[in-house]
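Single-letter residue listing:
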Amino acid sequence: MASIFTQILNGDLPGHFIWRDEKAIAIMTISPIKPGHCLVIPVEEINHWDDVPAELAAHLMLVAQKVAKGLKAVYSPKRVGVMIAGLEVPHTHIHLIPVDELTDFDFSQQKSATSEQLAIEAEKIRSALVQQGCSEAECVRG
């Protein structure tokens, strides 16, 4: 069975996209620790991050860097934290979280967000990315 991320990618489940290219997507997580908490995910289903081919891993990190610049523009955090946990969904994904202190990495702080809240945050991030010249954020509106 396809992972939940593949189902979102295929349009079988709703998702709030902020980036999409041929190798990767970035979407809002439904249970953010802080506003702007999003995920960078390879299109290809790969369970363990250490099994991701080097070229794809480099691409995912490049996407994460670009999305992080959008998060910085929108939320002005001290940092954009990066985490690969891999326990929740058997499909590699990189968490990007606007952080101001180490406690901002506490996953027990996650709260469910409404679709409307996620749509608002996704639009802010997409707009920032488009302003920064990232066309990959333009094609995922709506």
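Residues numbered from 1 in each chain as written. Predicted model: local features only at pLDDT ≥ 70, side-chain atom pairs only at ≥ 80, totals over all residues. Heavy atoms only, no water.

Peer 1: Even after reading the chapter, I still don't get the side chain of Asp-104, so can you show me in this structure?
Peer 2: Structurally, the position occupied by Asp-104 is in the loop between strand 5 (94-99) and helix 3 (115-131). Looking at Asp-104, its side chain comes within polar contact range of the side chain of Lys-34, at 3.4 Å. In contact with Asp-104, other than residues within four places in its own chain, are Ile-33, Lys-34, Ile-97 and Val-99. (Helix = DSSP H or I, 4+ residues; strand = E, 2+ residues; numbered from the N terminus. Polar contact = N/O pair within 3.5 Å; in protein donor to acceptor, adjacent residues only side chain to side chain. Contact = heavy atoms within 4.5 Å.)

Peer 1: Quick question: what am I supposed to make of unusual backbone geometry here?
Peer 2: Across residues other than glycine, the phi torsion is negative in most instances, and most of the peptide bonds are trans. For Ser-76, which is not glycine, the phi dihedral falls at a positive 50 degrees. Along the chain, Ser-76 turns up in the loop between helix 2 (54-75) and strand 4 (79-83).

Peer 1: Can you help me understand the pairing of strand 3 (residues 38-42) in this one?
Peer 2: In regular strands, side chains alternate between the two faces of the sheet. Of all five residues in strand 3, five are buried, a share of seventy percent or more. Bridge count between strand 2 (residues 24-28) and strand 3: five bridges; the pairing is antiparallel. Across the sheet, Ile-25 pairs through a bridge with Ile-41, a residue of strand 3. (Buried < 20%, exposed > 50% of the residue type's maximum accessible area, 1.4 Å probe, protein only. Pairing = 2+ DSSP bridges.)

Peer 1: Could you clarify how one ought to interpret the packing of helix 2 against helix 3 in this entry?
Peer 2: The axes of two packed helices give the description: the angle between them and the distance between them. Between helix 2 and helix 3, whose axes approach to 8 Å, the crossing angle comes to 110 degrees. The angle between the axes of helix 2 and helix 3 places the two elements in the roughly perpendicular class. Seen from above, helix 2 lies across helix 3 with right-handed handedness. Here Lys-66, Val-67, Gly-70, Leu-71, Ala-73, Val-74 and Tyr-75 of helix 2 come into contact with helix 3, specifically with Glu-121, Lys-124, Ile-125, Ala-128 and Leu-129. Within the contact of helix 2 with helix 3, the residues separate by chemical class into eight nonpolar, one polar and three charged. (Axes fitted to C-alpha atoms, helices over the stretch in contact; angles between N-to-C directions. Parallel < 35°, antiparallel > 145°, perpendicular 65-115°, else oblique. Left-handed = near helix turned anticlockwise from the far one by under 90°. Nonpolar A, V, L, I, M, F, W, Y, C, P; charged D, E, K, R; others polar.)

Peer 1: What is the right way to read the nonpolar core from this model?
Peer 2: Across soluble globular proteins, nonpolar side chains have a tendency to be buried as a group. Core analysis: the largest hydrophobic core is formed by 25 residues, its most contacted members being Ile-18, Val-40, Val-67 and Leu-96. Looking at this core, the elements that each hand over two or more residues are strand 1 (17-20), strand 2, strand 3, helix 2, strand 5 and helix 3. Within the second largest apolar cluster, nine residues are counted, among which are Phe-5, Ile-8, Phe-17 and Ile-27. (Core = buried A, V, L, I, M, F, W, Y, C linked by side-chain atoms within 4.5 Å.)

Peer 1: Help me understand the sheet that holds strand 4 in this model?
Peer 2: Picture the strands of a sheet paired through backbone hydrogen bonds; they go either parallel or antiparallel. Spatially, five strands are ordered 1-2-3-5-4 in an open sheet, and the strand pairing comes out antiparallel. Of all strands in the sheet, those bounded by a partner on one side alone are strand 1 and strand 4. Here the average twist between neighbouring strands, direction ignored, is 20 degrees. On top of the sheet, helix 2 reaches strand 1, strand 2, strand 3, strand 4 and strand 5; it is set at about 160 degrees to strand 3, its chief contact. Against the sheet, helix 3 touches strand 1 and strand 2, its axis set at about 40 degrees to strand 1.

Peer 1: Just checking my understanding: could you explain the pairing of strand 2 for this structure?
Peer 2: Buried residues dominate strand 2, accounting for five of its five residues. Note that strand 1 and strand 2 share three bridges and pair antiparallel. Its bridge partner lying in strand 2, Arg-20 is registered against Ile-25.

Peer 1: How do you make sense of helix 2 when you look at a structure like this?
Peer 2: Residue pairs spaced three or four apart in an α-helix point in one direction, given the helix's 3.6 residues per turn. The end-to-end C-alpha distance of helix 2 is 31 Å, a good match for the 32 Å that 22 residues give at a rise of 1.5 Å each. On its buried face, helix 2 is in contact with strand 1, strand 2, strand 3, strand 4, strand 5 and helix 3. (Expected span 1.5 Å × (residues − 1).)

Peer 1: Mind showing me how you'd approach the side chain of Glu-121 here?
Peer 2: Residue placement: Glu-121 occurs in helix 3. For Glu-121, a relative accessible area of 15% translates into the label buried. In contact with Glu-121, other than residues within four places in its own chain, are Met-28, Pro-35 and Tyr-75.

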